[in-house]
Amino acid sequence: MMDVRRQDRALLPWQRGVHVYGVRFLSPPFLLFGALTLIGVGLSVLRTFGGLGFTGMSDAYAWGIWKTFNVMTLTALGSGGFAIGIAAWVFKWDRLHLVMRTALLTSFVFYFAGLLALTVDVGRPWNMWHLLFPSHWNPESSLLEVAVCMPLYAVIFLAFENLPPVYERVYVHATDPVRKVMRKIFPLLAKLYPFIVAGAYVLPAMHQSSLGSLLLLAGSKLHPLWQTQLLPLLYVIQAGVAGVACVIITLMAGCLVWKRRLDLGALGDLAKLMSILAFGFLGVRLLDVLVRGEIGRAFSGDLFALLFHVENLSLLGPALILTKAKARKTPRTLFLTAIVVALGAMMYRFVPTTIAFVPGELTVYFPTVVEVLMSAGYVSLTIVMYSVAVKLFAIVPASVEEWYDAVAWARRHFRTLRVDAHGKASRH
Amino acid sequence: MSINRRQALGILAQGASGTAAVCAAGEARAAGQNRPIPDDRDAAAMLYDATICTGCKACVSACAEANDLVPDTVLSGGLWQMPEDLNANTKNIIKLAKGETPNDLSYVKRQCMHCLEPACVSGCPFGALHKIRGDGVVTWEADRCIGCRYCEVACPFNVPKFEWANFNPQIVKCELCAHRLDEGGEPACTEVCPTHAVVFGRRSDLLETARERIAAEPGKYFEDRVYGDKDGGGTQVLYLSAVPFTNLGLPELAEESVAAYGSKVHSILYKWLALPLTLYVLLAAIIKRRWASHEAHAHEESDKTGLPSQI
């Protein structure tokens, strides 16, 4: 393995997760996002001492960007773990296991930040304890379904799925007695793993579709191009589209920032998955609009028609381009199409709760500066969490060569650690 | 508690067969049954006839008084109650609705419609808004409300209001003076109305009254119909108007209630949790089978490279 020359590395596929090393922890962008996070979290703490009067929300537009953007839109971006997981496990797309750790981490950070936004948004959080008592639930409410499933998924299932890299790091740094205990625990966790993973796919299928069901009760307030009883299905497919796009962007941006090699095979697979899901979404949506007889509205030339087309074309264009194998092997095309798809998918999540939501009152909603700062804080939190995690844990995929480099680097920089060639470290 | 002259008159007017019997009906809340449709004979209702209303707004101040609401004096510069619309201090309002021609002018009274199948109740996650009274009044329970404002998103009439600036925000909406009904009284607005433009009674009786008025003067009322009879699945507040109902701010709604439309899919997907559970069992079986080979592959890889295996 060691005799592979450096220049051949570009040809090597990603083989395993390798932690990001040799980069400045407190880089200027990190400090910027860190500062934004602190501002957002700080304002959130202040908000707990007062009402929501400082927001741009009103009785007509009762849901602001915390719900419509940070939860509705960004948890779709965080659905990579769900979509790629199902493709890898159920449809036996084995190569996708390589990018699973990245996907699961993006999912975790987006859900974590989304839940934070939700907690801040809720006006009477002290009554949230009802969540723990099923007898207090209103089973007819899709919001209840979201409120139950989303925290359950993030705190238990996603956290568990993200455990292996943490476990590995702890193991490397642990003393021998601790390692002994960990070796005993591991088989138990491994036995449990498939059953947890199965739950980790059922739960997002449930709450991502319920996010769509939420809008059914908006009835005629939601523009007919969006209002359909297929909203739950469309929302869950679109979550997959957005999630995969987000993982492609995250992986490629990571390679760019940390100067890692790309694996166009794995990325191409992701692009193929994204393209399939996008076609699925477009098929269902067009059929739905046709069957409901609302297609005429798509050509009325108004703002809604425009939004409808932008949402669809930003998926259709890239999906068509990515059917070509050559396009899937061109990094620039991959990156740009993934960004366009992500934006289009985010639009589909954002528009129905904001622009296409017409409550029939004379007011409009526009977030206040504080609201935007808090929202930006939650987004920054995801970036901060992600960039800290990839430096601590072996998540971002790379070649075995990169692994050896990382070990060598660790050996040079942490004198107190004795790291053997296998990456096992022990303290002096 | 004392009963003043007006209340006493109200009770007399209702008679023994009126509200007392309506309110005595049980308050049982069966699991998963947050919105039983009240028997039409029991449903407490209001009929508002916009052609009779003189816009005196006696009902607006009576409502504030009966519900301990701080009068909204913002528009009048702090002089008198002058709410712009329904808001966190106003559960009932009289508005002047303008149409396309000057002849289309009409007063309109707005408050909670007390839908037979309320969207707010259907969406409320912990049943803070519920329709569990025998008379079908939609009421709000502070201890169950998490302040998610889904009711505001769901209500086709934009009725529930939220106290945005309050640390302990309440959902404010007309509860048909449920506290007065419990004492055998009637809502403050119907009691105070000098022209009987708005009257209180059983839904079935008021529907009959409305139809009689339409029959007596055909062509007087818009489309010769009662708004709320079937609109949005039916409401317990009924409207008669000479101008189009949309001019009054009452939306055009299908006969199927928003709640029925919205919960149809959800109730199929989550019936006995059958679908999610089946999906789980299926996925667990597939992944369990794949897991063994995945784990073996990881160990194989580890033996080959001599590096710790990654799952």
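These numbers come from a predicted model, not from an experiment.

1. With respect to the overall build of chain B
A count of helical and extended segments in chain B gives ten helices and nine strands. Out of the 311 residues belonging to chain B, those deemed buried represent 54%. Within the structure as shown, chain B displays about 14,100 Å² of accessible surface, and the carbon and sulfur contribution to it stands at 56%.

2. A few points about the pairing of strand β9 (residues 237-240) of chain B
Residues and elements named next belong to chain B. Burial of β9 is two-sided: the residues V237 and Y239 facing one way and the residues L238 and L240 facing the other way are all buried. Of the pairings in the sheet, the one linking strand β1 (residues 44-49) to β9 comprises four bridges and is parallel in character. Bridge pairing in β9 links L47 to L238.

3. Section: the pairing of β1(B)
Residue and element names in this part refer to chain B. Counting buried positions along β1 yields six of six residues, so the element is predominantly enclosed. On β1, burial covers both faces: A44, M46 and Y48 on one face and A45, L47 and D49 on the other are all buried. One ladder, built from five bridges, connects β1 with strand β8 (residues 198-202); its direction is antiparallel. For A44, the partnering residue across the bridge sits in β8 and is R202.

4. Quick look at unusual backbone geometry
Residue and element names in this part refer to chain B. Phi angles above zero are rare outside glycine, and R149 is one such case at about 65 degrees. Mapped onto the secondary structure, R149 falls in the loop between β5 (139-140) and α5 (150-154). For D224, which is not glycine, the phi torsion reads 50 degrees and is therefore positive. Here D224 is to be found in the loop between α8 (203-216) and β9. On the accessibility criterion, D224 (36% relative accessible area) is partly exposed.

5. Remarks on the pattern of salt bridges
Tallying each qualifying case throughout the model produces 19 salt bridges over all chains. For B:E217, the salt bridge goes to B:K220, with nearest N and O atoms at 3.6 Å. One salt-bridge network, held together by shared partners, links A:K67, A:D121 and B:R149.

6. Some details on the packing of aromatic side chains
Inspection of every chain in the model, using the stated rule, returns 22 aromatic pairs over all chains. Seen from their ring centres, B:F222 and B:F245 are 5.4 Å apart, and the 80 degrees between their planes marks the pair as edge-to-face. Taken together, the residues span a long stretch of sequence, with B:F222 in the loop between α8 and β9 and B:F245 in the loop between β9 and α9 (258-269) at a distance of 23 residues. Judged by its relative accessible area of 23%, B:F222 is partly exposed. With a relative accessible area of 3%, B:F245 lands in the buried category. Put simply, the rings of B:Y48, B:F222, B:Y227, B:Y239 and B:F245 touch in pairs and so form one group of aromatic residues. A cation over a ring is seen here: A:R16 above A:W403, with NZ or CZ 4.3 Å from the ring centre. One residue, B:R149, lies across the ring of B:F162, its end atom 5.5 Å from the ring centre.

7. Quick notes on the side chain of A:T353
Residues and elements named next belong to chain A. Within the element layout of this structure, T353 appears in the loop between α12 (331-350) and α13 (369-392). From its side chain, T353 meets the backbone oxygen of F350 in a polar contact 3.1 Å long. When sequence neighbours within four positions are dropped, the list of residues in contact with T353 reads T68, M72 and L215.

8. Quick notes on helix α10 (residues 303-321) of chain A
Between the first and last C-alpha of α10(A) there are 27 Å, a value that for 19 residues agrees with the 27 Å anticipated at 1.5 Å per step. Burial in α10(A) covers these residues: A:F304, A:A305, A:L307, A:F308, A:E311, A:N312, A:S314, A:L315, A:P318 and A:A319.

9. A short note on the interface of chain B and chain A
Counting residues at the interface gives 66 residues for chain B and 75 residues for chain A. With both sides pooled, the region where chain B packs onto chain A buries about 6,400 Å², and carbon together with sulfur makes up 60% of that total. The salt bridge involving B:R149 is made with A:D121; its shortest N-O contact spans 3.1 Å. At the junction of chain B and chain A, the tally comes to 41 residue pairs in polar contact (both at pLDDT 80 or more).

10. Observations regarding the packing of helix α9 (residues 264-291) of chain A against α12(A)
All names here are of chain A. The interhelical angle for the contact between α9 and α12, taken along N-to-C directions, is 35 degrees, at an axis separation of 11 Å. The interaxial crossing formed by α9 with α12 has left-handed handedness. Every residue of α12 that contacts α9 at L264, L267, A271, M274, F281 and R285 is listed here: P331, L334, T337, A338, V341 and Y348. Of the residues contributing to the contact of α9 with α12, the split by class is ten nonpolar, one polar and one charged.

11. Remarks on the environment of A:M100
All names here are of chain A. Assignment of secondary structure puts M100 in helix α4 (residues 100-121). Judged by its relative accessible area of 7%, M100 is buried. Here the alpha-carbon distance between M100 and L320, two residues 220 residues apart in the chain, equals 25 Å. Look past the residues within four positions of M100 in its chain and what remains in contact with it is I84, G85, A88, W89 and Y201.

12. Considering the confidence of the model for chain A
Residues and elements named next belong to chain A. Confidence along chain A averages 92 in pLDDT terms, with 94% of residues attaining 70 or more. Here strand β4 (residues 425-427) stands out as the element of chain A with the lowest mean pLDDT, 53, in contrast to α10, whose mean of 98 is the highest. Long-range and interchain partners of residues 1-10, a stretch whose pLDDT sits below 50, account for 14 contacts in this model, where long-range means more than four residues apart.

13. Some remarks on the sheet that holds β8(B)
Residues and elements named next belong to chain B. If you walk across this open sheet you meet the three strands as β8-β1-β9, and the pairing is mixed. Each edge of the sheet is formed by a strand with only one pairing partner; in this case those strands are β8 and β9. Taking the axes of each pair of neighbouring strands and ignoring which way they run, one obtains an average angle of 25 degrees across the sheet.

14. Here we look at a nonpolar patch on the surface
Residue and element names in this part refer to chain A. There is a patch of nonpolar side chains on the surface, built from V41, V45, L46 and F49 and spanning about 410 Å² of accessible area. Along the polypeptide, V41 turns up in helix α1 (residues 28-47). Looking at V41, the relative accessible area reads 32%, which means it is partly exposed.

15. What to know about the nonpolar core
Within the largest apolar cluster, 142 residues are counted, with the highest numbers of intra-cluster contacts made by A:W66, A:I84, A:L96, A:W226, A:I248 and A:L270. With 15 residues, the top contributor of residues to this core is helix α8 (residues 231-257) of chain A. Setting aside its immediate chain neighbours within four residues, A:I84 contacts A:L96, A:V99, A:M100, A:A103, A:V244, A:V247, A:L270 and A:L273. Grouped together as the second largest cluster of nonpolar side chains are 41 residues, B:C53, B:F157, B:V192 and B:F200 included.

16. What about α8(B)?
All names here are of chain B. End to end, α8 covers 20 Å across 14 residues, agreeing with the expected 20 Å (1.5 Å per residue, within 8%). Restricting attention to buried positions, one finds in α8 the residues R203, S204, L206, L207, A210 and I214. In an axial view of α8, the angular spread of the buried residues amounts to 165 degrees, which keeps them on one side of the axis. Exposed residues pointing more than 90 degrees away from the buried face of α8 are listed as E212, A215 and A216. Contacts made by the buried residues of α8 are with β1, β8 and β9.

The rules behind the values
- Residues numbered from 1 in each chain as written.
- Chains lettered and ligands numbered in written order.
- Predicted model: local features only at pLDDT ≥ 70, side-chain atom pairs only at ≥ 80, totals over all residues.
- Heavy atoms only, no water.
- Helix = DSSP H or I, 4+ residues; strand = E, 2+ residues; numbered from the N terminus.
- Buried < 20%, exposed > 50% of the residue type's maximum accessible area, 1.4 Å probe, protein only.
- Areas by Shrake-Rupley, 256 points an atom, 1.4 Å probe, with all protein chains shown as cover.
- Pairing = 2+ DSSP bridges.
- Salt bridge = Lys/Arg side-chain N within 4 Å of Asp/Glu carboxyl O.
- Phe/Tyr/Trp six-rings, centres within 6.5 Å; stacked < 30°, edge-to-face > 60°.
- Lys NZ or Arg CZ within 6 Å of the ring centre and 35° of its normal.
- Polar contact = N/O pair within 3.5 Å; in protein donor to acceptor, adjacent residues only side chain to side chain.
- Contact = heavy atoms within 4.5 Å.
- Expected span 1.5 Å × (residues − 1).
- Buried area = accessible area lost by both parts, 1.4 Å probe.
- Axes fitted to C-alpha atoms, helices over the stretch in contact; angles between N-to-C directions.
- Left-handed = near helix turned anticlockwise from the far one by under 90°.
- Nonpolar A, V, L, I, M, F, W, Y, C, P; charged D, E, K, R; others polar.
- pLDDT = per-residue confidence, 0-100.
- Patch = residues over 30% accessible without salt bridge, like charges linked within 9 Å, V, L, I, M, F, W, Y side chains within 5 Å.
- Core = buried A, V, L, I, M, F, W, Y, C linked by side-chain atoms within 4.5 Å.
- Arc of directions from axis to C-beta.

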